[in-house]
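# Architecture at a glance
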Amino acid sequence: MAAVLHLLLSLIVAWNISAAIPALLKPRFQSRFSVVLRTVALYIICLFPIIPDFVQTYIVSFAVFMLYIFTFFKAEAEKNIALSVIFFSVIGSWSYLSAWWIQRISTTLMPGAVEIIVAALLVILAMLYFSIYRVYFRQVSDSMLLSFFTRRMWNYSTFIALAPSVIILTLVLNPPRNLMLQQIITFFTIADSTVIFPLLYQMGRSAKLAEENSKLRSRGEYYQAIEAQQQDIRKIKHDLMNHLTVIATYLDLGETDKAMEYLKEIGARFSELTKQYTPNTLVNAILNFKYQQAGMKGIRLEIKTDITAKIEADETDLCTLISNSLDNAIEADPPDKNIELEMHEDGKILHFSVTNRFDRKPETASDGTFISHKADKENHGFGIRNIKDAVERMGGNTEITAKNGIFKVSAEVPLKK
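Just so you know, these numbers come straight off a predicted model, no measurement behind them.

### Here's the deal with the environment of A19
- Relative to the helices and strands, A19 resides in helix α1 (residues 2-24).
- Residue class for A19 comes out partly exposed when judged on its relative accessible area of 45%.

Now the structure itself:
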């Protein structure tokens, strides 16, 4: 009876967890054989009994399960670790609970009918729990909110999800003598393992709202740039009669050269405000605005574009890519006072790059990200991350290099059909 119950409960746990993991993590292998292999591997892991005073079994089971996640599923390390802890908290809690009851059934003299009833109740409890469990994790997986998680959020999730595992580990190391207390704590860990999914859902919603608010703020900045450009144009129009009077005066005095020079100056000012780099109004506004910003700092911004049709990509993300790349280059204050931006498309891919020289090599963290030189690092250093996030949302690729005194941000973005 005990062996059959152990096999059955392990099967229920493995079956439900094997269905939940691919909903949140992308499988590394797609063949039918790999699906069968990873299901069997998970079932074997769930067969390891976690019992009091055998802490080695718990640690080995957790290590093997994490290896299982990293072998069969691909994602960022932080996400893999977090979900390993989240799912193993369920496996560990149920393994401890079922092992404890199976041991009682085996060591306590019970009538056969009572053993069957206890075993049936455990199976019913497991099936009822996992029916609720599937509702929670499907809410998270169907909402696609986890795509808004940052590495920091995954790290927070790992620490939160460690609580049930730490409690079970404590029970294994030092099980309380009060059997009722032991069962209450075990059921608490099982419930706690499930509550993590609604928590992930709320964290994802908060991250999504923050992302949407950031987009709205960015779009507001872009429209402000357009408004500033329009105000400058209105100023020139407002002073047009004065300009014409000056030109007429020069002509009356026979000073044709001065009149032509003045006319060229007015034309240049007007041209700088209305340069059409692309058929996209917002993109043009950002490029014109950044061109003026660079000029005020004595930096020459060379813009090379070969865009004949409207760029079919998310304008907010596209402007995030352009503005953040140029902001970083302008703030770097290149020693030669030159920045070069290139944009061209081949009908399928938009190719983008911003290049500037540097005299102080950017610092990089252990994960390859660049570290801001600014004193207030908590509120700066997000430009590169914003660029990568924007390009990723558009389905493109980013390459950022800093070598031979040249810093370059490159991106390739697939155009919408």
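So, next bit.
### Examining the nonpolar core
- Core analysis: the biggest nonpolar cluster contains 60 residues, and I17, F65, F87, Y133 and F197 have the highest contact counts within it.
- For this core, the secondary-structure elements that each account for two or more residues are α1, α2 (32-47), α3 (55-72), α4 (77-107), α5 (112-143), α6 (151-173) and α7 (179-238).
- The biggest single contributor to this core is α4, with 13 residues.
- Beyond its immediate sequence surroundings of up to four residues, F65 is in contact with I21, L42, I45, S84, F87, F88 and I91.

### Structural notes on the packing of aromatic side chains
- Throughout the structure, instances matching the rule amount to 14 aromatic pairs.
- Ring geometry for W94 versus Y129: centroids 5.5 Å apart, planes at 50°, classification tilted. With a gap of 35 residues between them, W94 in helix α4 and Y129 in helix α5 connect regions that are remote in the sequence.

### Quick notes on the packing of α3 against α4
- Close contact between α3 and α4 brings their axes to 9 Å; oriented N to C, the two are set at 135°. Overall, the two elements α3 and α4 adopt an arrangement that is oblique. As α3 runs across α4, the sense of the crossing is right-handed. Note on element contacts: α4 touches α3 through A77, N80, I81, S84, V85, F87, F88, I91 and G92, opposite Y58, S61, F62, F65, M66, I69 and F70.
- Class assignment of the residues belonging to the contact of α3 with α4 gives a composition of 12 nonpolar, 4 polar and no charged.

### Let's talk about the sheet that holds strand β5 (residues 349-357)
- Strand order in the open sheet formed by 5 strands is β3-β4-β5-β9-β8, and the pairing between neighbours is mixed. Looking at the sheet topology across the chains shown, the edges are occupied by β3 (300-306) and β8 (397-403). Strand after strand, the sheet turns through a mean of 10° between neighbouring axes, direction not considered.
- With 7 bridges connecting them, strand β4 (residues 338-345) and β5 associate as antiparallel partners. Note on β5: the bridge partner recorded for I339 is N356.
- Lying on the sheet, helix α10 (residues 281-296) is in contact with β3 and β4; it crosses β3 at an angle near 155°.
- Here helix α12 (residues 383-393) sits on the sheet in contact with β8 and β9 (406-414), set at roughly 150° to β8.

Rules behind the numbers
- Residues numbered from 1 in each chain as written.
- Predicted model: local features only at pLDDT ≥ 70, side-chain atom pairs only at ≥ 80, totals over all residues.
- Heavy atoms only, no water.
- Helix = DSSP H or I, 4+ residues; strand = E, 2+ residues; numbered from the N terminus.
- Buried < 20%, exposed > 50% of the residue type's maximum accessible area, 1.4 Å probe, protein only.
- Core = buried A, V, L, I, M, F, W, Y, C linked by side-chain atoms within 4.5 Å.
- Contact = heavy atoms within 4.5 Å.
- Phe/Tyr/Trp six-rings, centres within 6.5 Å; stacked < 30°, edge-to-face > 60°.
- Axes fitted to C-alpha atoms, helices over the stretch in contact; angles between N-to-C directions.
- Parallel < 35°, antiparallel > 145°, perpendicular 65-115°, else oblique.
- Left-handed = near helix turned anticlockwise from the far one by under 90°.
- Nonpolar A, V, L, I, M, F, W, Y, C, P; charged D, E, K, R; others polar.
- Pairing = 2+ DSSP bridges.

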